[in-house]
Amino acid sequence: MSLFCGGKKQNKGKRGKRDSSPAYGASRNDELQREKSSLEKEIGDLKEQKASLANQIKTQKDEVAREKKTVKVDLEIASVNEELARLKKEKNDIDREIGNLRHDKNELQKQTKALKEEFASAKKAVNVESQIHQHPDKAAQEEQLNSFSKKLEAEKVAKGKAHEKIKAIEEEQTKLKNEIDSLKKISELEKAQTTKAEDELDKYKKEKAKLEQELGSTQKELELARKESHIPRSPTRASSDEWKDKIDKAESELQKERELRLGKERENSRINSENKLLVDEKQKLQDETNAMKAKLEESLNSLRTLEMNHKNEINQLQDRLHQEKQKIKKLDEEKDQLLTRLSSSTAAKVLDSNPNIADLSDPNRPQKIAEKFSQVYDDQWTDAMENLEKLGTNEERNIKILIDLLTTIYSHCKESSDNQNSRIEEDLFLPPMESHSSTSEPNGTEQLKSPISTKSHSKEVVTPTKERQTRAHSVPKVKGEKMPEVPVEVKKGIKEYRKKVAKQVVPVIEKEVLAKLRRMEEFGDKVVDVCLPYIKKCVELCWMMCVQDPPAVLDWSAQEGAFNVDLYRAYTKSGSQLEFVVWPIIYLHEGGPVLLKGVAQGRD
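Residues numbered from 1 in each chain as written. Predicted model: local features only at pLDDT ≥ 70, side-chain atom pairs only at ≥ 80, totals over all residues. Heavy atoms only, no water.

1. Regarding the side chain of Lys264
(1) Moving on: Tracing the backbone shows Lys264 in helix H6 (residues 241-351).
(2) Moving on: One buried charged residue, Lys264, forms no salt bridge at all, with the nearest opposite charge on Glu257 at 6.0 Å. (Helix = DSSP H or I, 4+ residues; strand = E, 2+ residues; numbered from the N terminus. Buried < 20%, exposed > 50% of the residue type's maximum accessible area, 1.4 Å probe, protein only. Lys, Arg positive; Asp, Glu negative; His and termini not counted. Salt bridge = Lys/Arg side-chain N within 4 Å of Asp/Glu carboxyl O.)

2. Points about the packing of helix H9 (residues 395-427) against helix H12 (residues 502-519)
(1) Moving on: Viewed as axis vectors pointing N to C, H9 and H12 meet at an angle of 130°, and their least axial separation amounts to 11 Å. On the basis of their axis angle, the class for H9 and H12 is oblique. Taken as a pair, H9 and H12 cross one another with a handedness that is right-handed. Two secondary-structure elements touch here, H9 through Leu405, Thr408, Ile409, His412, Cys413, Ser416 and Gln420 and H12 through Val505, Ile509, Glu512, Val513, Lys516 and Leu517.
(2) Moving on: Residue composition of the contact of H9 with H12, grouped by class: seven nonpolar, four polar and two charged. (Axes fitted to C-alpha atoms, helices over the stretch in contact; angles between N-to-C directions. Parallel < 35°, antiparallel > 145°, perpendicular 65-115°, else oblique. Left-handed = near helix turned anticlockwise from the far one by under 90°. Contact = heavy atoms within 4.5 Å. Nonpolar A, V, L, I, M, F, W, Y, C, P; charged D, E, K, R; others polar.)

3. Quick word on unusual backbone geometry
Note: most peptide bonds trans; most residues except glycine with negative phi.
(1) Moving on: With an omega of -5°, the peptide bond between Asp549 and Pro550 qualifies as cis.
(2) Moving on: Relative to the helices and strands, Pro550 resides in the loop between helix H14 (532-546) and strand S1 (553-555).

4. Side note on the state of the cysteines
(1) Moving on: A full pass over the atoms with the stated rule returns zero disulfides.
(2) Moving on: There is no disulfide at Cys413, and the cysteine sulfur nearest it, in Cys542, is 5.3 Å away.
(3) Moving on: The exposure class assigned to Cys413 is buried, which follows from its relative accessible area of 0%.
(4) Moving on: The class of Cys542 is buried, set by a relative accessible area of 0%. (Disulfide = S-S within 2.5 Å.)

5. Comments concerning the pattern of salt bridges
(1) Moving on: Under the counting rule described, the total for this entry stands at 16 salt bridges.
(2) Moving on: In this structure, the salt-bridge partner of Glu324 is Arg320, at a minimum N-O distance of 2.7 Å. Of this pair, Glu324 and Arg320 both sit in helix H6, separated by four residues, roughly a single helical turn.
(3) Moving on: Judged by its relative accessible area of 24%, Arg320 falls in the partly exposed class.

6. Structural notes on the packing of aromatic side chains
Each aromatic ring pair is described using two quantities: the centre-to-centre distance and the angle formed by the ring planes.
(1) Moving on: Counted by the stated rule, this structure contains six aromatic pairs.
(2) Moving on: Clustering of aromatic rings is evident, with ring pairs tying together Phe373, Tyr377, Trp381, Tyr534, Tyr571 and Trp583. (Phe/Tyr/Trp six-rings, centres within 6.5 Å; stacked < 30°, edge-to-face > 60°.)

7. With respect to the nonpolar core
(1) Moving on: In terms of nonpolar packing, the biggest core is built from 57 residues, with Phe373, Leu405, Tyr534, Ile535 and Trp583 touching the most fellow members.
(2) Moving on: Here the element with the most residues in this core is H14; it accounts for 10 residues.
(3) Moving on: Excluding its chain neighbours within four sequence positions, the residues that come into contact with Phe373 are Leu406, Leu541, Cys542, Met545, Leu554, Trp583, Ile586 and Leu596.
(4) Moving on: Core analysis: the second largest hydrophobic core is formed by 16 residues, Ile94, Ile166, Leu296 and Ile314 among them. (Core = buried A, V, L, I, M, F, W, Y, C linked by side-chain atoms within 4.5 Å.)

8. Topic: the confidence of the model for the protein chain
(1) Moving on: Confidence along the protein chain averages 75 in pLDDT terms, with 74% of residues attaining 70 or more.
(2) Moving on: Scored below 50 in pLDDT, residues 233-238 makes 10 contacts in the model with residues more than four places away or belonging to other chains.
(3) Moving on: Long-range and interchain partners of residues 449-480, a stretch whose pLDDT sits below 50, account for 34 contacts in this model, where long-range means more than four residues apart. (pLDDT = per-residue confidence, 0-100.)

9. Notes on helix H8 (residues 380-390)
(1) Moving on: Among the residues of H8, Trp381, Ala384, Met385 and Leu388 are the ones counted as buried. Along the long axis of H8, the arc covered by the buried residues comes to 105°, so they all point the same way.
(2) Moving on: For H8, the secondary structure elements touched by its buried residues are helix H7 (366-378), H9, helix H13 (524-530), H14 and strand S4 (577-583).
(3) Moving on: Downstream of H8 by one or two residues, Gly392 has phi in the positive range, about 95°. (Arc of directions from axis to C-beta.)

Here's what the structure looks like:
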């Protein structure tokens, strides 16, 4: 404004000389005023741009600092290296474990082979019943079977340990897989961070280019303003110190702007160098990351291959283990079969003709038969005595009749039992015959040979059963040839069968005995009729005694002499001497203990 005022005063002083100068001076002043305002505005814009650029540079520095803090690839690479080293160590441990497992597998195969050989020897030792007869040393066989069982148990324990080792390897593989997954996640995180750093660097590059463009445009505008500030003055235009001051001031401001621009350029150069360093560092980190990725991928591939190999080996071991289990199961079954055969053979030999082992579930065992005999003496024998007294015979004669009836019945049952047993054993070695007529008795007793004498029969009726019997037993034999020996188990089965069908055979024996007694002169029909309940009961009990294993024995052979209170109890009189036997003694077997004492009359 002072410039314009000065111009007006000069115009007033020279108004009379020239009229056009004040108008030219006013327009020039207005132009300079506009240029000044424009320059001030541009200077303000440049200051704002400077402040903005300074803020951007500061922000970029902060971002670079944050990037340096966030990118900790070296540490992560070191941790990945440590993790790879640890995985390698675990891989070596797994390899050693697999080696141990293979060694255990080989040992297991050797043990299985040895076990098979021992089992084969044990199987040969207890193969068939004939070998049992040839090797009566049961204690040695049982000891061998016990050792075989112990070795089987040891084999099972070894199998269990191998299964536990396989389970531990599977757990190690699961753990290794989890660690590989964590390494993959770390690698993906590093990749994401690298991508983020690259994006930020691209952003910085764009901002830098923009700033450089803005600086270029500002420089051009300043150069244009500088040129415009040196416009030559009109000859009519008066010099002014204020104008010079303004120009100097503008030039100083331009100088400042130049210095500011140079500072900005230096700052940009520094930022560019830092960016270059960051790019180089980023490239280096990227190269290291790629190398680590390659190493990690190689390790992962090797671990996958190792895992596949381990899985294949585990599957093979599991298949082998399954096969070994099946073999052991088969061996156990064979062992159980052999033990069953051995136990059945041993049991048959132990139980065969062994009266000391009684079947408590059998209602017709010897002890029960003895009790029933005692009941017969108390009941049926007393009734028979009363009936015989009605015939007019004396007591001693009646006692003799009753004991003779009993001894005759017992002798017949014993003979029939022996005949039945020998016939069944003989029929085992005869060829099978064609089926005969259904008229034969279905109770399996048609082959019993009756001990009744057939001399009194002038004519014998030939039945289908008797015809079959004649054909079967007419098979010619070589002179001196002996029948094959029947195995112990078969003999035991025959004896059990005879005991089971004893009740069905009793009516046949009873019919034969009654017919025999009626034909005997010492008894006759009268005695048989009055003693019929006594006879039937004696037939039943004597037959049951004869089919026992071994048969129970009746003994009435005591002669006159000392009265043995261990064998007899007194009838009506006691004394030191035995006068006659009233009721026989029952022994458990021939030469065995007394089941039931006899009854005898004593005298002094």
